[in-house]
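Results of the structural survey
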Amino acid sequence: MSELPRDPRHDPVLRDEVVAALAIMPGERHVDATFGAGGYTRAMLAAGAEVIACDRDPDAIAEGQALVEESDGRLTLIEGRFGEIDRLLAERGIEAVDGIVFDIGVSSMQLDRADRGFSFQADGPLDMRMAQSGESAADWLNRADEGEIADVLYHYGDERQSRRVARAIVAARPLSRTGELAAVIRKALRHPPGAPKDPATKSFQAIRIHINGELEELVAGLCAAERVLRPGGRLAVVSFHSTEDRIVKNFLRERSGGDARGSRHRPAPVPLARAATFHPPARKVRPGKAEEARNPRARSATLRSAVRTSAPAWPADDRMKEAMSC
Ligand SMILES: C[S@@+](CC[C@H](N)C(=O)[O-])C[C@H]1O[C@@H](n2cnc3c(N)ncnc32)[C@H](O)[C@@H]1O
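The rules we used
Residues numbered from 1 in each chain as written. Predicted model: local features only at pLDDT ≥ 70, side-chain atom pairs only at ≥ 80, totals over all residues. Heavy atoms only, no water. UniProt positions renumbered as here; feature names shortened; annotations may be inferred. Near = heavy atom within 4 Å. Polar contact = N/O pair within 3.5 Å; in protein donor to acceptor, adjacent residues only side chain to side chain. Areas by Shrake-Rupley, 256 points an atom, 1.4 Å probe, with all protein chains shown as cover. Nonpolar A, V, L, I, M, F, W, Y, C, P; charged D, E, K, R; others polar. Axes fitted to C-alpha atoms, helices over the stretch in contact; angles between N-to-C directions. Helix = DSSP H or I, 4+ residues; strand = E, 2+ residues; numbered from the N terminus. Parallel < 35°, antiparallel > 145°, perpendicular 65-115°, else oblique. Left-handed = near helix turned anticlockwise from the far one by under 90°. Contact = heavy atoms within 4.5 Å. Buried < 20%, exposed > 50% of the residue type's maximum accessible area, 1.4 Å probe, protein only. Pairing = 2+ DSSP bridges. Right-handed = clockwise from strand over helix to strand, strands pointing away. Salt bridge = Lys/Arg side-chain N within 4 Å of Asp/Glu carboxyl O. Arc of directions from axis to C-beta.

As recorded in an unreviewed UniProt entry, the protein goes by Ribosomal RNA small subunit methyltransferase H and comes from Sphingopyxis indica. Quoted verbatim from the Subcellular location (unreviewed entry) field of UniProt, the annotation for the protein is "Cytoplasm". UniProt, in the comment section headed Catalytic activity (unreviewed entry), describes the protein in these words: "cytidine(1402) in 16S rRNA + S-adenosyl-L-methionine = N(4)-methylcytidine(1402) in 16S rRNA + S-adenosyl-L-homocysteine + H(+)".

**Focus: the site of the ligand**
Around the ligand, a shell composed of 24 residues is seen, among which D55, F82, D103, Q110 and E217 lie nearest. Note that an oxygen atom of the ligand is positioned 3.4 Å from one of the backbone N or O atoms of F35. In the model, a nitrogen atom of the ligand is placed 2.9 Å from a nitrogen or oxygen of the F82 main chain. Across the complex, the protein chains shield 99% of the 600 Å² of accessible surface that the ligand would expose by itself. Residues belonging to the shell around the ligand are distributed by class as follows: 8 nonpolar, 9 polar and 7 charged.

**Quick notes on the packing of helix α12 (residues 214–228) against helix α13 (residues 242–255)**
For the pair α12 and α13, the least separation of the axes is 10 Å and the interaxial angle reads 30°. If you check the angle between α12 and α13, you find them roughly parallel. Handedness of the α12/α13 crossing: right-handed. Residue-level inspection shows E214, L215, L218, V219, L222, C223 and E226 of α12 in contact with α13, the latter providing T243, E244, I247, V248, F251 and R255. Taken together, the residues of the contact of α12 with α13 sort by class into 8 nonpolar, 1 polar and 4 charged.

**Thoughts on the pairing of strand β2 (residues 50–55)**
Burial analysis of β2 places 5 of its 6 residues in the buried class, the great majority of the element. With 4 bridges connecting them, strand β1 (residues 29–32) and β2 associate as parallel partners. Looking at the pairing, H30 lines up with V51 of β2. On the question of chirality, the crossover connecting β1 to the parallel β2 by way of helix α2 (residues 39–46) is right-handed. Pairing analysis gives 5 bridges linking β2 to strand β3 (residues 75–79), with the strands arranged parallel. Directly across from A53, in β3, lies its bridge partner L77.

**A few points about the UniProt feature "binding site: S-adenosyl-L-methionine" (unreviewed entry) in the protein**
Per the UniProt record, "binding site: S-adenosyl-L-methionine" (unreviewed entry) is annotated on G38, G39, Y40, D55, F82, D103 and Q110. For D55, the position within the fold is in strand β2. Aside from chain neighbours lying at most four places away, what touches D55 is T34, F35, G36, A60, I61, I78, E79 and G80. Looking at where F82 falls in the secondary structure, it is placed in the loop between β3 and α5 (85–90). Discounting residues that sit within four places of it in the chain, F82 has contacts with A33, T34, C54, F102, I104, E217, L218, G221 and A224.

**Description of the pattern of salt bridges**
In this structure the tally under the stated criterion is 26 salt bridges. The partner of R81 in a salt bridge is E84, with the nearest N and O atoms 3.3 Å apart. According to the relative accessible area criterion, R81 is partly exposed, its value standing at 32%. Residue classification places E84 among the partly exposed positions, given a relative accessible area of 24%. Notably, a salt bridge pairs R255 with E226, separated by 2.9 Å at the nearest N-O pair. In this pair, R255 sits in helix α13 while E226 sits in helix α12, placing the two residues 29 residues apart along the sequence.

**Overview of the environment of E180**
Here E180 lies in helix α10 (residues 178–188). Look at E180 and you get partly exposed, because its relative accessible area is 32%. Each C-alpha atom of the pair E180 and F120 lies 9.2 Å from the other, and the pair is 60 residues apart in sequence. Setting aside its immediate chain neighbours within four residues, E180 contacts D123, P174 and L175.

**Observations concerning the side chain of R129**
Along the polypeptide, R129 turns up in the loop between α6 (108–112) and α7 (137–143). Engagement of the side chain of R129 in a polar contact is seen with the side chain of D127, the distance being 2.9 Å. In this structure R129 touches R116, F118, G134, E135, S136, I211 and N212, once residues within four positions along its chain are discounted.

**Concerning α10**
Helical periodicity: at 3.6 residues per turn, an α-helix aligns residues three or four positions apart in one direction. Residues of α10 that are buried: T178, L181, A182, V184, I185 and A188. Projection of α10 onto a plane perpendicular to its axis shows the buried side chains occupying an angular sector of 160°, all on one side. Taken together, the buried residues of α10 touch α7, α9 (162–172) and α11 (200–211). Following α10 by one or two positions, R190 adopts a phi angle in the positive range, close to 50°.

Shown next as structure tokens:
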């Protein structure tokens, strides 16, 4: 499979480092929880794995069919949310896997297509739904109250002027195009034309994270991975945002027997009531200078990985609450 050509549309961030973290042995079964344009899946197939790949975006699944045909029966594509990857696998008779990788966030394809409504640079419908179903960004922005919008912008976009932006959005309603929303944000933040960083960046990111429930999905996905990895199985997670990375870091720290809160200013950790489900995580990996120069998107990427122990997965009730303690 090593002869498969690289897909020129996509340069997957930290691809070699992810394959190294998964430590694939030929014939093993691995999950690519975020198929996208299939960059990781190609590399995993080339390393000899059987791959089950999942994406919630029907376009990603449709465009991946060509790779399924090239893969000699070693690739299965599933449309669905990785927060329920264990159920999606069980439906196909798979109870345990050797590795699972998550590449969190939006794909280049989603960003590049104006009609998907993720981009503030190209005008399109104000959509932002990865799964192409449910409430769109326009639906939400046109019905939510000002305080709710401000909270989303502040928490998911680190937008310090969230109240000012939320007020401007509410005053400009109804909104239906990404171009309109970007203009409202730029005006609210008095953006001088040609300034290097577009002030719409943070708000667009925040609205996208909210519309797709991305942080809740990340927690659910980590917990599902804990349930489906065999003892000795490998987990690798690439994230692009400090809030996401904190969730991954806290989850791995907690599940490997450390204090999920991880602050010396907090009270001493309560002794762990349950056996660790992961060995202590590997050191985090960041892209090298060459990758950052080649691919600006790589600049904010962090890879974290860990190996599953044989301890039972933690019970469902505690998972969401404890993993989110960040
Ligand atoms: C950063 S891209 C992945 C790129 C991929 N690693 C590659 O090499 O082409 C993230 C992908 O994950 C998908 N995605 C995001 N959240 C998801 C979720 N909760 N369940 C399933 N897929 C999800 C998005 O639709 C998108 O296609």
